[in-house]
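# Fold and geometry: a report
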Amino acid sequence: MGGFATAPAAGLYGASKFALEGISEALHGELAPLGVRVTIIEPGGFRTDFPNSSSIQVEPAAIIDYVAGAGPVREALAKNDSRQPGDPVKGAKVIVDVTEVAEPPLRLQLGADAVERVEAKLDLVRRELDQWRHVALSTAI
């Protein structure tokens, strides 16, 4: 889900995921006429080694001005290691099963936390669009 809604302290990770989502979205349209389907899997937290030191290296020193923004994310990653809600075996089965669907979705969130995060981002984008619509539309000739 990091490619749809990223977080403080995860900018580089999110940027790489956003890039993959962008190219996958384009490929979805380009390859559909050829009968090739593209699905972007957006998993939430799954009980893997991802948030531990085998995958994430965190600089122990912190810049005080960044603690309020990045600190909570860093702390959550460390605190939730081995406590992620997703079952990797169930997630893998869903991923395999979706390859057998005639019309798979462009995006498929896995886990309640992924659904919640995507819904929150959609709500934020809708609120901002509504709030700034008049400015966006004021640029017409």
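Calculation criteria
Residues numbered from 1 in each chain as written. Predicted model: local features only at pLDDT ≥ 70, side-chain atom pairs only at ≥ 80, totals over all residues. Heavy atoms only, no water. Phe/Tyr/Trp six-rings, centres within 6.5 Å; stacked < 30°, edge-to-face > 60°. Lys NZ or Arg CZ within 6 Å of the ring centre and 35° of its normal. Helix = DSSP H or I, 4+ residues; strand = E, 2+ residues; numbered from the N terminus. Buried < 20%, exposed > 50% of the residue type's maximum accessible area, 1.4 Å probe, protein only. Contact = heavy atoms within 4.5 Å. Polar contact = N/O pair within 3.5 Å; in protein donor to acceptor, adjacent residues only side chain to side chain.

Counted under the stated rule, the structure contains zero aromatic pairs. One cation-aromatic arrangement involves Lys121 over Phe4; the distance from NZ or CZ to the ring centre is 5.4 Å.

On to the environment of Val73, then. Mapped onto the elements, Val73 comes out in helix 2 (residues 64-79). For Val73, a relative accessible area of 22% gives the class partly exposed. As a C-alpha pair, Val73 and Ala7 span 66 residues in sequence and 7.4 Å in three-dimensional space. Beyond its immediate chain neighbours, meaning those up to four positions away, Val73 contacts Ala7, Pro8 and Ala9.

This part takes up the environment of Arg107. Tracing the sequence through the fold places Arg107 in strand 2 (residues 107-110). C-alpha separation for the pair Arg107 and Val38, spaced 69 residues apart in sequence, amounts to 8.7 Å. If we ignore the near neighbours within four places in the chain, the residues touching Arg107 are Phe4, Glu21, Glu25, Ile40 and Glu42. For Arg107, the side chain forms a polar contact with the side chain of Glu21, separated by 2.9 Å. Of the polar contacts made by the side chain of Arg107, one reaches the side chain of Glu42; its length is 3.4 Å.

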